[in-house]
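Each chain, written out:
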Amino acid sequence: MVETATPALVMPKRETPARETPIEAPALGVPVLEVSGLSKHFPVRKGVLRRTVGHVYAVDGVSFTIGAGETLGLVGESGCGKTTVGRTIMRLIEPTAGSIHLDGHDVTRLGKTEFRPYRRQLQIIFQDPFSSLNPRKRAGDIVGEPLKIHEALSRGERRERVSALFERVGLRRAQMDNFPHQFSGGQRQRIGVARALALNPKLIIGDEPVSALDVSIQAQVINLLMDLQRDMKLSYLFISHNLAVVEHISHRIAVMYLGRIVEYTDKVTLFTRPLHPYTEALLAAVPVPDPAIKRVKRVVQGDVPSPLKPPPGCRFHTRCPYAEARCRVDVPALREVERGHHVACHLR
Amino acid sequence: MSIQAATRSDSAAPATATDHVLEVEDLQTYFYTRGGLVKAVDGVSFSLARGATLAIVGESGCGKSVTALSLMRLVADPPGRIIGGAVRLEGVDLLGLDEAAMRDIRGNQISMVFQEPMTSLNPVMTIGRQIGEALILHQRMSNKAALRRAIEMLQLVGIPEPEQRAKEYPHQLSGGMRQRAMIAMALACNPKVLIADEPTSALDVTIQAQILELIAKLQRELGTAVILITHDLGVVAETAERVIVMYAGRKVEEASVGELFARPLHPYTRGLMNSIPRLALMRQEAGQQRLQEIPGIVPALSNLPQACTFAPRCAFADDKCRGQFPPYQEKRPDHWAACWHSEGIAEKANG
């Protein structure tokens, strides 16, 4: 990976090249994470011989970068592939195609042991604070587990580190010996955050980290994540279906639909001047918690098509109010239509 | 506002009030568990005007779903039991009916849509048959007529190819379709009251918008009164006319939707409103501020103190709050709240 001229967004080859102005992350230089052309197609097997009869096109040519101290929000509805993107970057799932660079190093094809030093730079927080913690382990041991694997510490040193982590995320030292069931949902998510922080990672992937929490608790965890970013220069890939939460926490946002990024820009632009019809539809569909604001609602019709058989051309054309003949045939490339604003639509 | 009625729910309303299709008075549903007595719903009263939409908001464990199940008399006994109060549907107290009489009313005059359409539909029964079941049972329709009506209902809720879909099973439908089918089932007998318990929480936001629009449209056409149970203040603001806020099994605030959002009087309501991030297009001010947290957690419903249940999380709490639960009072015209300090809090927030 060459340090200079790292395009923030690498286009898939078959598409028309964008203008030569990369999106600048807040911090310049080598991005912490660079994903290009990432694809994951899950084979669908059927019959006695388990023959592959088709593929689920979960992720199909996704590219983005995340700079140091930056949060990239990844939004989309269920089945759009946002979770698969997160898990592929973690190498919990092997990608079908594309590359993943961490700090400029290509980690896409590294084996388990080779990947290990990079693995500690990269942590994940899961959605469900109930199923992502081992119910038979004490909270302190859950948080200390990554330290046990990656760092040679004495038991006392480890305990010291864990208790510092507990305090950092707003839990009490005394709670280290409790079991997960003794914590509330919000506290469990704090344990998940402490575990993710244990190895001082550069990038944390949050896969719907606040979606299972009550709104009053959600705010606590969002504020915690933002404080940690400020203090520790963390980068986040924040995956969520909640646009308001994503807007609050992100610097830039990528909108996914059926395995592809359809719009990618900074958050102010996305929310004030969305260009893709799907982004428009998403924004229009969010209920506004203020009865004084009356909006004319244009509800987009229809369901999300199956990723097993994504529609040809633009994948949104089946629901798009503006769709034309070519939208049904040609795949729109993700183009940079203005500085830092990328859209995959023929009409914009 | 036509939905607000002369008789308020907390003064003992006469059973014959004509403008209210449903009146709930001092409902108490307790659960007798090994961990002790859980007062899931503790003295909740409200009334629902004909054709209106009432939202019940609150976080998990506040008792909103148990309230709904109590109205339907679907609380599992044991461990749960409705130990007091009245639920009057057009003057008839449902809590006094025997099970056979209740079965005639349930799904017929008062019906319910649940959060998770996959688990609340019967997986081994066709959609058409499931919708028709209520019609055969309650309206003594023939199988054939019931199926015909089921297909009409599917069409009404906007399912394409209704004849085909009626023959299919729940797993063949998408999440949004299943919720439409649930609504078709709930409305098949043209009930007077529809209870929707988080009807869109499991759905994607574009599908949520479709379903909410559908409920509003059917309500206009059929004149059904709706109780919408949700944790989403955005959904409340866009669909309800009147709002009840619940906390730890009790009603803490009630007002029209405009009044509640403009002047929340209970610190919990205020906290909820400040803790949700808002999209730029909904904000008055530029830039994003730090979210306001409500410290602490929702209290366990067993062993609730005599004091105000919100006091441990409230910035305004004093000894009075920690000593006694505040009375539920009309603080402004038709705006009710249970808080010792609501006037001071409202002044402070606006001034």
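Everything below is about the structure shown above.
Residues numbered from 1 in each chain as written. Chains lettered and ligands numbered in written order. Predicted model: local features only at pLDDT ≥ 70, side-chain atom pairs only at ≥ 80, totals over all residues.

### Looking at the overall build of chain B
Heads up, the rule is: Helix and strand definitions follow DSSP, with helices as H or I runs of at least four residues and strands as E runs of at least two, each counted in order from the N terminus. Put simply, the radius of gyration uses C-alpha atoms, and a globule should come to 2.2 Å times the residue count raised to 0.38. Here the C-beta atoms are placed from the backbone, and a residue counts as buried if at least 20 other C-beta atoms lie within 10 Å of its own, exposed if 12 or fewer do, and partly exposed otherwise. C-beta atoms are placed from the backbone for every residue, and two residues are taken to be in contact when these atoms lie within 7 Å.
A tally of helices and strands in chain B yields 13 helices and 12 strands. Relative to the 2.2 N^0.38 estimate, which gives 20 Å for 351 residues, the radius of gyration of chain B is 21 Å and therefore close to what a compact globule would have. Sorting the 351 residues of chain B into buried and exposed places 51% on the buried side. Restricting to contacts in chain B with at least 6 residues of sequence separation, those with at least 24 account for 65%.

### Looking at the packing of helix 4 (residues 127-139) of chain B against helix 7 (residues 175-187) of chain B
Residues and elements named next belong to chain B. Just so we agree on the cut-off: All axes are obtained by fitting lines to C-alpha atoms, using only the stretch in contact for helices, and the reported angles, taken between N-to-C directions, cover 0 to 180 degrees. Any angle that falls under 35 degrees is termed roughly parallel, while one over 145 is termed roughly antiparallel, one within 65 to 115 roughly perpendicular, and all others oblique. In this scheme the crossing of two helices becomes right-handed for a clockwise turn of the near helix relative to the far one and left-handed for an anticlockwise turn of less than a right angle. Each residue gets one label: Ala, Val, Leu, Ile, Met, Phe, Trp, Tyr, Cys and Pro are nonpolar, Asp, Glu, Lys and Arg are charged, and the others, such as Gly, are polar.
Running from N to C, helix 4 and helix 7 point in directions that differ by 25 degrees, and their axes come no closer than 8 Å. By the criterion of interaxial angle, the relationship of helix 4 to helix 7 is roughly parallel. At the point where helix 4 passes helix 7, the crossing takes the right-handed sense. Contact with helix 4, carried on its side by Ile127, Gln130, Ile131 and Ala134, involves Ala181, Ala184 and Met185 of helix 7 and no other residues of that element. Residues belonging to the contact of helix 4 with helix 7 are distributed by class as follows: 6 nonpolar, 1 polar and no charged.

### A closer look at the packing of helix 3 (residues 139-150) of chain A against helix 5 (residues 185-197) of chain A
All names here are of chain A. Where helix 3 meets helix 5, the closest approach of the two axes is 7 Å, and the angle between their N-to-C directions is 25 degrees. With respect to helix 5, the axis of helix 3 lies roughly parallel. Handedness of the crossing formed by helix 3 with helix 5: right-handed. Counted together, Ala139, Ile142, Val143 and Pro146 of helix 3 and Ile191, Ala194 and Arg195 of helix 5 form the full contact between these two elements.

### Re the interface of chain A and chain B
Tallying the contact residues gives 33 residues for chain A and 40 residues for chain B. Looking at the side of chain A that touches chain B, the elements that each hand over two or more residues are helix 6 (215-232), helix 7 (243-249), helix 8 (267-272) and helix 9 (277-285) of chain A. If you tally residues by element for the side of chain A that touches chain B, the top one is helix 6 of chain A, at 6 residues. Each residue belonging to the side of chain A that touches chain B can be placed in one class, and the counts come to 18 nonpolar, 9 polar and 6 charged.

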